Amino acid sequence: MLFPTLAFGVFFLFVYFTSWSLDRENGRRKLFLLLASWFFYAQWDWRFVALLIASAVLNWGVAALIARQPGAKKAWLVGLGVAVNLLILGFFKYYGFFIEQAAELLMRFGWERDLPLLEIVLPVGISFFTFQGISYVVDVHRGKTPPAKSLVDVMLLMSFFPHLVAGPIVRASDLLPQFDRTPRLTRAMATHGVLLIVWGLFKKTVIASELSVNLVDPVFFDPSAYSAFDIAAATYAYAVQIYCDFSAYSDMAIGLAALLGYSFPRNFDQPYRASSMQAFWRRWHISLSSWLRDYLYVPLGGGRKGLVSSCINVFITMVLGGLWHGAAWTFLAWGALHGGVQVIERLGRAAFGDRRVVPTVVGVLVTFHIVCLGWILFRAESFDLAMQMLAGLGRIGPVVALTPLLLTLIVGGLAMHWLPPRAIEGVAERLKAAPSLTLGLLVGAAILMVEAVRPEGVAPFIYFQF
Amino acid sequence: MTDEREPPEIPLEPFPVHERESPFPPLAESLPPPVDPRSDWIQAADAHDLPTRENALIALGRFAFPPAPPLDDEGVAARDRRWTSRTVVVAAVFLLVFNAVSPLNWSRQQAPGWVQGTVQQLSEVWVAQLAVFGVDMPRQGVRETWTAARDARFAGQEPASATP
């Protein structure tokens, strides 16, 4: 059940009215939201609801034990909790990849073996709810958040349908306190939420879908059939597509949660206006980058042991961040590219200090093009296709795939990064005083216009596969 | 010698007879009878000098009964929730009326059945009615403009139908 579909619209209306009718009974309200979330998840594969429940029970139990145990035993328990979470993730997501690599390696040494290959279906959103589980256990261990008051709270934390399948990764310290009492819904929250939903709908179903179907997919499928201009356009188009796709999901998730009275952290902040790779990761998928910082980079040692150590740690963090996106060498290369550039930036800062060596405009352009280079690795099915894309950038030929509309969408998608920061919040602040009839008609008309121009059907969000 | 007056002496013999001031309000019988205010007091009174609006309204006596106290947080939250629900309902009804194509498309993607058949028939009738009244023209207009923009090509490019 995808957000921009009629079925989800009907589902959400039911959840919205039922949950607010239970506002005097916070316990029942949470139970209802939990059941609704499981129903939502079961639309993909009902068997994986059991996995979701098992994962929540595991994390709840480990956190409760950590809270009761003294001293050294806590470290063992937190290690156990993290290891089991990673085992679950590793089995479903990386088993096939590692077995294939192992078989290939053995074959090279002449030790060919029939390794047990399994057709494992990847549960949608497993990377997200596993990371949430890990953060909950570690935060309880660190004393950043108290253990949840009930199992239902932990289950709802991990299963809450707005963020379940593609984030943002909402930490226990952000959401558990909100579960303690029936949430309040203010006009500002509601207006902001509704605007985010409409804006997300537009970005996903109009910009991302149009670019994907008519430019990105054909060019990345067979780069040899296109000239340099089309390949460059497809690369920029993919940069816009992935931003509009993923940020749209986050926007809609934040908006849906807001209408149910809950507040999620911001996940994107105009990433393509970053003037360095470090700044890019402070603006792109913020909930993942901050997760990697707090639960991987800092435990590795962070920047506490000097420049060399910090460079190694950031590189390892980014490579593992790449692996988190998928079990493929292209993702590892993508992570290594981002890690390598951040290492260079750190060395540059160590050499030149904080003084600005290049103008901001140059920094933004260079960073954007490195990010685009990374997107080629990220999007290409294999290294061969990625190399074909790069080689095609030198091929002269006619423009076949790029059209005026697609060019407009690419420029528009990039231009939205130069809108005033927090523009949606500004509009919401003005609209919150409007009568409900006016706002309802405006929202209805906006969705009608989006529906009029969107292509038939909806492609799944890119981040569903992660 | 001093100009200050000496405190009055409290007789101590044989027992203390000084009565301390009672902490309780005086009995009604001991109070002087109430005096009616001047008939023009209301014209002379200034509501802005009174501490709150409600006090002013009560004091000025312009209402038959005192106004309700201001909304507490719970009341404000309930009001905002009703406002949001109305917004959601208006948007949903608007889309149900003017975007009947969406349920029609949905019903065409479902396996045949009673629900699917009913939704499809209702949607088809409703879409036809909208077309009769011309209410679908804004949607159609936007769609045609968008399709024309999609089919547009740069100078020298092959037309849309010939593009792979």
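Small disclaimer: the values here were computed from a predicted structure and weren't measured.

## Some remarks on the overall build of chain B
The helix and strand inventory of chain B stands at six helices and zero strands. Going residue by residue from the N terminus, the α and β elements of chain B occur as α-α-α-α-α-α. Within chain B, buried positions represent 8% of all 164 residues. Within chain B, contacts between residues at least 6 apart in sequence are counted, and of these 15% link residues at least 24 apart.

## A word on the overall build of chain A
Regarding its fold elements, chain A presents 19 helices and zero strands. Relative to its length of 466 residues, chain A is compact, with a C-alpha radius of gyration of 23 Å against a globular reference of 23 Å. If one aligns the C-alpha atoms of chain A with their principal axes, the spans along those axes are about 65 × 60 × 55 Å. Within chain A, the proportion of its 466 residues that are buried is 45%.

## Some remarks on the domain arrangement of chain A
Put simply, an interface is often sized by how much accessible area is lost when its parts join up. Residues and elements named next belong to chain A. Here chain A is described as being made up of domain 1 (6-183) and domain 2 (188-458). Between the C-alpha centres of domain 1 and domain 2 there is a distance of 25 Å. Facing 22 residues of domain 1, the contacting portion of domain 2 comprises 19 residues. Elements represented by at least two residues in the side of domain 1 that touches domain 2 include exactly α1 (6-21), α4 (72-108), α5 (126-142), α7 (161-164) and α8 (172-179). Looking at the side of domain 1 that touches domain 2 residue by residue, the class counts come to 14 nonpolar, six polar and two charged.

## Some details on the nonpolar core
Soluble globular proteins: nonpolar side chains tend toward being buried together. Residues and elements named next belong to chain A. Core analysis: the largest hydrophobic core is formed by 131 residues, its most contacted members being Leu157, Val198, Leu211, Leu215, Ala234, Ala237 and Val240. Of all the elements, helix α10 (residues 228-259) adds the most residues to this core, at 21 residues. Two domains each put at least three residues into this core: domain 1 (6-183) and domain 2 (188-458). Residues in contact with leucine 211, not counting those within four places in the same chain, are Val216, Ala237, Val240, Gln241, Leu406 and Leu409.

## Considerations on the interface of chain B and chain A
In this complex, chain B contributes 29 residues to the contact, which on the side of chain A involves 29 residues. Among the elements of the structure, α3 (73-98), α4 (101-109) and α6 (137-151) of chain B are those that each provide at least two residues to the side of chain B that touches chain A. It is α3 of chain B that contributes the most residues to the side of chain B that touches chain A, 14 residues altogether. In terms of residue class, the side of chain B that touches chain A is made up of 16 nonpolar, six polar and seven charged.

## Side note on helix α14 (residues 329-352) of chain A
At 3.6 residues per turn, the α-helix brings residues three or four places apart onto the same side. Residues and elements named next belong to chain A. Under the 1.5 Å per step criterion, the end-to-end length of α14 is 34 Å for 24 residues, consistent within 8% with the ideal 34 Å. Residues Thr330, Trp334, Gly335, Leu337, His338, Gly339, Val341, Gln342 and Val343 constitute the buried set of α14. Looking at the buried positions of α14, the neighbouring elements they touch are α11 (277-283), α13 (307-325), α15 (360-379) and α16 (383-392). One or two positions beyond α14, positive phi appears at glycine 353, with a value near 75°.

## So, the packing of helix α19 (residues 436-453) of chain A against α3 of chain B
Orientation of α19 of chain A relative to α3 of chain B, taken along the N-to-C sense of each, is 40°, at an axis distance of 8 Å. Judged by the inter-axis angle, α19 of chain A sits oblique to α3 of chain B. Classified by chirality, the crossing of α3 of chain B by α19 of chain A is right-handed. Of α3 of chain B, the residues touching α19 of chain A (which contributes Ser436, Leu437, Leu439, Gly440, Leu441, Val443, Gly444, Ile447 and Leu448 of chain A) are Trp83, Arg86, Thr87, Val90, Ala91, Phe94, Leu95 and Phe98 of chain B. Within the contact of α19 of chain A with α3 of chain B, the residues separate by chemical class into 12 nonpolar, four polar and one charged.

## A look at the packing of α19 of chain A against α6 of chain B
Two quantities define a packed helix pair, namely the angle between the helix axes and the distance between the axes. Their axes nearest at 8 Å, the elements α19 of chain A and α6 of chain B cross at an angle of 45°. Considering the angle they form, α19 of chain A stands oblique to α6 of chain B. Crossing hand, α19 of chain A versus α6 of chain B: right-handed. Side by side, α19 of chain A and α6 of chain B meet where Leu448, Met449, Ala452 and Val453 of chain A of the first sit next to Arg139, Val142, Arg143 and Trp146 of chain B of the second.

## A word on unusual backbone geometry
Residue and element names in this part refer to chain A. In this structure, glutamine 270 is a non-glycine residue whose phi angle is positive, near 45°. Classification of glutamine 270 as partly exposed rests on a count of 18 C-beta atoms within 10 Å. Of note in this structure, histidine 285 is not a glycine but carries a positive phi near 45°. Within the secondary structure, histidine 285 sits in the loop between α11 and α12 (286-300).

## Concerning helix α17 (residues 404-415) of chain A
Residues and elements named next belong to chain A. The terminal C-alpha atoms of α17 lie 16 Å apart, and with 12 residues this matches the ideal 16 Å at 1.5 Å per residue to within 8%. Among all positions in α17, only Leu406, Leu409, Ile410 and Gly413 are buried. Angularly, the buried residues of α17 cover 100° about the axis, an arc narrow enough to put them on a single face. Along α17, the residues that are exposed and aim more than 90 degrees away from the buried face are Val411 and Ala415. Tucked inside the fold, the buried residues of α17 contact α9 (187-221) and α10.

Conventions we followed
- Residues numbered from 1 in each chain as written.
- Chains lettered and ligands numbered in written order.
- Predicted model: local features only at pLDDT ≥ 70, side-chain atom pairs only at ≥ 80, totals over all residues.
- Helix = DSSP H or I, 4+ residues; strand = E, 2+ residues; numbered from the N terminus.
- Buried ≥ 20, exposed ≤ 12 C-beta atoms within 10 Å, placed from the backbone.
- Contact = placed C-beta atoms within 7 Å.
- Rg over C-alpha atoms; globule rule 2.2 N^0.38 Å.
- Domains from an automatic or database assignment.
- Nonpolar A, V, L, I, M, F, W, Y, C, P; charged D, E, K, R; others polar.
- Core = buried A, V, L, I, M, F, W, Y, C linked by C-beta atoms within 7 Å.
- Expected span 1.5 Å × (residues − 1).
- Axes fitted to C-alpha atoms, helices over the stretch in contact; angles between N-to-C directions.
- Parallel < 35°, antiparallel > 145°, perpendicular 65-115°, else oblique.
- Left-handed = near helix turned anticlockwise from the far one by under 90°.
- Arc of directions from axis to C-beta.

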